[in-house]
Amino acid sequence: MNFKKLPLYAMTCFLLWGAASCESPLKDFNLVISSDVIKHSATLQVRDAENQPVNNVTIKLLSGDTEDIYNLSGYKDFKLVGDLVTFGVDPKRTPTVENPINFRVEISGAGFLTKVVPVTIADISTGIIPVQLVKPTEIPDGVEVVEEVVDLGSNGTLPVATTITLDAPAGQSESIKVDIALPAGLQFQDENGAVITGGALTANVSSMDVNDPAAVASFPGGTLTAEGVVGPNGETQAGAFNPAATTVIKMSVGGKSVRRFSSPIQVAMTVSPNFVDASTGQPVTAGTELSIYSYDETDPNAVWQYEKNAVVTGSAQTGYSLSFAVDHLTTFVAGNFVASCEPVSRVTFSADWMEEGFTLPVIISVVQYGKILTAGVYSINKDTKTIGLTHVPQGGGVEIAVYTNVGILIDQVPLAACGSATMINIPDPNPEPAVTLQLYVRCPGQTNVITVVPTFQLQYRISGTSTWEYLGVVTDGYIRTSLLKSDGTLYDFRAVWNERVKVVGNHTVQEDNRGTVGVGSGDIIGEHAGDTNLAILTEECNEL
């Protein structure tokens, strides 16, 4: 099925069957059905390390349950609209909280590191998931990197035992130290096990402060949650990591990537003194046994794999560390992996302002022992009181934190028991009076308006500023908010609908803002791109 758009005209005829001829479905009628055909979707927001939109990005479905995934126009063609990309489900299929659709998306762009992002779609909102693209030359806050060059023998053999050390003193991030011990006589191999010769060894070692959200954005997938994780007994589970330490080790010889070694190397990492063992709920001590998992970011189909356990040594006075032997290169994380008991955990909101018709964008983070496991942006209103969080681990220390769209904490509550919704009451976070935006559409050549128009995402910013903030979902052309001021403040607005984006700038708002898009007297068609807007309007009306 590769439809452009399921015909709204046929749906209109069905609803009005027996009431009127379908010769002209707009004639003498106010249409009262939604023009949205795809009902279930997920949205990613892609920005760079400076929180700015990126250009020339390629987005493709990589793996998983992708058969029924399309863009909102019905094509398997995905691109950023503004800074958003949305994945919709064929309407013949209905994902649920108990049986969601899971797949992975590859996002790449010139000058950026390729990122693979897991996506989940259920029958409740899973929010707008932020994705940060990073340039190879950029080092995010909380990430430490060291690079060393080591001479090899003519046969690619390491002549003497060598230790490569990353040692970052305590500063804005925790003290981080990683030692990579390479034994004498070691040879470096490619993915097929062939020895690589003909140059010096270049080793790049990085690590991150796992308590720094900016650093965790560099974690595979950009989140501590994961699916398809292969455990100690070969079982596959979804859930979240509780990292005590991480490292990414990359090596090359003469420009060729090293994947394996002729004999094991030893990796030692400091363990965060603030680490709490999720299996016991107790702070780390000497003798704590942690699990080592690996992830090969060079493999587009990679999943996290259990490697082995390692025992923590040291003391609170001298610091804690652990070490383990490996025979291949990849990303390593030491800590706990805690499985989720359900694919999608529900959070249900209540609030007086919600019942009065307001929409509020919120940032929701899942936190465990001070670490942000995952975060997303949600549009909350009386029709979207319950939202979904994917792969949330069930266990002690997991909390749901709710913030305003500018990062002010509203509330933080423990995650409810498995199978139950977490209940959160949100007081009115903004004392500003209500501002109502209501949009209607009048098709060219018609008298009556279409009273139900597409649902779309709306962003805003104060004119003269650079960063777009999320205002919420405009449902059937309507949104009521307390985030806008009707005091003469100038705003820019950016609407994202299907594969189109529309920006209007330097607008003030009143408490009640109503408008009709059309070419009739008093209608809105746009002052700066009226011909283009008319062409878009005509095209969409012709498909009704």
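Keep in mind the model is a prediction, meaning the values are calculated, not measured.

Draft legend 1. The overall build of the protein, seen in detail. The number of helices and strands found in the protein is four helices and 37 strands. Looking at the protein as a whole, 49% of its 544 residues qualify as buried. Contacts spanning at least 24 positions in sequence make up 68% of the contacts within the protein whose residues lie at least 6 apart. Total accessible area on the protein is roughly 24,300 Å²; 50% of this is exposed by carbon and sulfur atoms.

Draft legend 2. Spatial organisation of the sheet that holds strand β32 (residues 456-462). Sheet architecture is open: four strands sit in the order β33-β32-β35-β36, paired in antiparallel fashion. Of all the strands in the sheet, just β33 (469-474) and β36 (500-507) have a single pairing partner and so form its edges. Taken pair by pair, the neighbouring strands of this sheet meet at an average axis angle of 20°, ignoring direction. Relative to β36, strand β35 (residues 491-497) is paired through six bridges, and the arrangement is antiparallel. When the sheet's bridge partners are listed, Arg494 is paired in β36 with Val503.

Draft legend 3. Region of interest: unusual backbone geometry. Its identity as a non-glycine residue notwithstanding, Tyr369 has a phi of 50°, on the positive side. Structurally, Tyr369 can be placed in the loop between β25 (360-368) and β26 (371-380). Looking at Tyr369, the relative accessible area reads 24%, which means it is partly exposed. Phi is positive for His391, which is not a glycine, with a value near 60°. Secondary-structure assignment places His391 in the loop between β27 (386-390) and β28 (398-404).

Draft legend 4. Representation of the packing of aromatic side chains within the structure. Under the criterion given, the structure shown has 14 aromatic pairs. By way of ring pairs, the aromatic residues Phe219, Phe241, Tyr293, Tyr295, Trp304, Tyr306 and Phe337 are connected into one cluster.

Draft legend 5. Layout of the side chain of Asn405. Checked against the element boundaries, Asn405 lands in the loop between β28 and β29 (409-414). Take Asn405: its relative accessible area is 12%, and that puts it in the buried class. A distance of 3.4 Å separates polar atoms of two side chains, one belonging to Asn405 and the other to Tyr460. At 3.5 Å, the side chain of Asn405 and the backbone oxygen of Tyr470 are in polar contact. When neighbours within four sequence positions are excluded, Asn405 is seen to be in contact with Pro361, Ile363, Tyr460, Glu469, Tyr470 and Leu483.

Draft legend 6. Inspection of the sheet that holds strand β5 (residues 101-109) at higher detail. Spatial ordering of the open sheet is given by β2-β5-β6, a layout of three strands whose pairing is antiparallel. Each of the sheet's edge strands pairs with one partner strand only, and the pair in question is β2 (57-64) and β6 (115-121). Across the sheet, the axes of successive neighbouring strands diverge by a mean angle of 30°, strand direction being ignored. As paired strands, β5 and β6 are joined by seven bridges and run antiparallel to one another. Across the sheet, Ile107 pairs through a bridge with Lys115, a residue of β6.

Draft legend 7. The arrangement of the environment of Thr197 in detail. Mapping Thr197 onto the fold places it in the loop between β11 (188-189) and β12 (201-208). Separated by 57 residues in the primary sequence, Thr197 and Gly254 have C-alpha atoms spaced 7.3 Å apart. When neighbours within four sequence positions are excluded, Thr197 is seen to be in contact with Ser154, Asn155, Gly156 and Val253.

Draft legend 8. Summary view of the environment of Ser379. Within the element layout of this structure, Ser379 appears in strand β26. The sequence separation of Ser379 and Gly127 amounts to 252 residues, and the corresponding C-alpha distance is 7.4 Å. When sequence neighbours within four positions are dropped, the list of residues in contact with Ser379 reads Thr359, Leu360, Pro361, Thr384, Tyr470, Gly472 and Val473. Separated by 3.0 Å, the side chain of Ser379 and the backbone nitrogen of Val473 make a polar contact.

Draft legend 9. Representation of the pattern of salt bridges in the model. What the rule picks out here adds up to 11 salt bridges. One salt bridge connects Lys92 with Asp68, and the closest N-O pair in it is separated by 3.5 Å. One end of the pair, Lys92, is in the loop between β4 (84-89) and β5; the other, Asp68, is in the loop between β2 and β3 (69-70), with 24 residues separating them in the sequence. The salt bridge partner of Lys92 is Asp90, with a shortest N-O separation of 3.0 Å. We classify Lys92 as exposed; its relative accessible area is 59%. Asp90 gets classed as buried once you look at its relative accessible area, which sits at 0%. Beyond isolated ion pairs, a larger network of salt bridges with shared partners links Asp65, Asp68, Asp90, Lys92 and Arg93.

Draft legend 10. Up close: the nonpolar core. With 55 residues, the main nonpolar core has Phe241, Trp304, Phe349, Leu389, Ile400, Leu471 and Leu484 as its most contacted residues. When residues of this core are assigned to their parent elements, the largest contribution, four residues, is made by β25. Of all hydrophobic cores here, the second largest spans 41 residues; its members include Ala245, Leu290, Leu322 and Leu329.

Draft legend 11. Quick look at the state of the cysteines. Tallied over the entire structure, the rule returns one disulfide. The side chain of Cys341 participates in a disulfide bridge whose partner is Cys418; the two sulfur atoms lie 2.0 Å from each other. Disulfide Cys341-Cys418: the torsion about the S-S bond is 120°, which places it as right-handed. Separated by 77 residues along the polypeptide, Cys341 in the loop between β23 (331-339) and β24 (344-350) and Cys418 in the loop between β29 and β30 (422-425) bring together distant segments of the chain. For Cys418, a relative accessible area of 39% gives the class partly exposed.

Draft legend 12. Looking closely at the confidence of the model for the protein. Summing up the model confidence of the protein, the mean pLDDT is 84 and the portion of residues at 70 or higher is 83%. Predicted confidence is poor over residues 1-35, with pLDDT under 50, and the contacts of this stretch with residues over four places away or in other chains come to 68 contacts. Note on residues 526-530: pLDDT is under 50 here. Beyond four places in sequence and across chains, it has three contacts.

About the criteria used
Residues numbered from 1 in each chain as written. Predicted model: local features only at pLDDT ≥ 70, side-chain atom pairs only at ≥ 80, totals over all residues. Heavy atoms only, no water. Helix = DSSP H or I, 4+ residues; strand = E, 2+ residues; numbered from the N terminus. Buried < 20%, exposed > 50% of the residue type's maximum accessible area, 1.4 Å probe, protein only. Contact = heavy atoms within 4.5 Å. Areas by Shrake-Rupley, 256 points an atom, 1.4 Å probe, with all protein chains shown as cover. Pairing = 2+ DSSP bridges. Axes fitted to C-alpha atoms, helices over the stretch in contact; angles between N-to-C directions. Phe/Tyr/Trp six-rings, centres within 6.5 Å; stacked < 30°, edge-to-face > 60°. Polar contact = N/O pair within 3.5 Å; in protein donor to acceptor, adjacent residues only side chain to side chain. Salt bridge = Lys/Arg side-chain N within 4 Å of Asp/Glu carboxyl O. Core = buried A, V, L, I, M, F, W, Y, C linked by side-chain atoms within 4.5 Å. Disulfide = S-S within 2.5 Å. pLDDT = per-residue confidence, 0-100.

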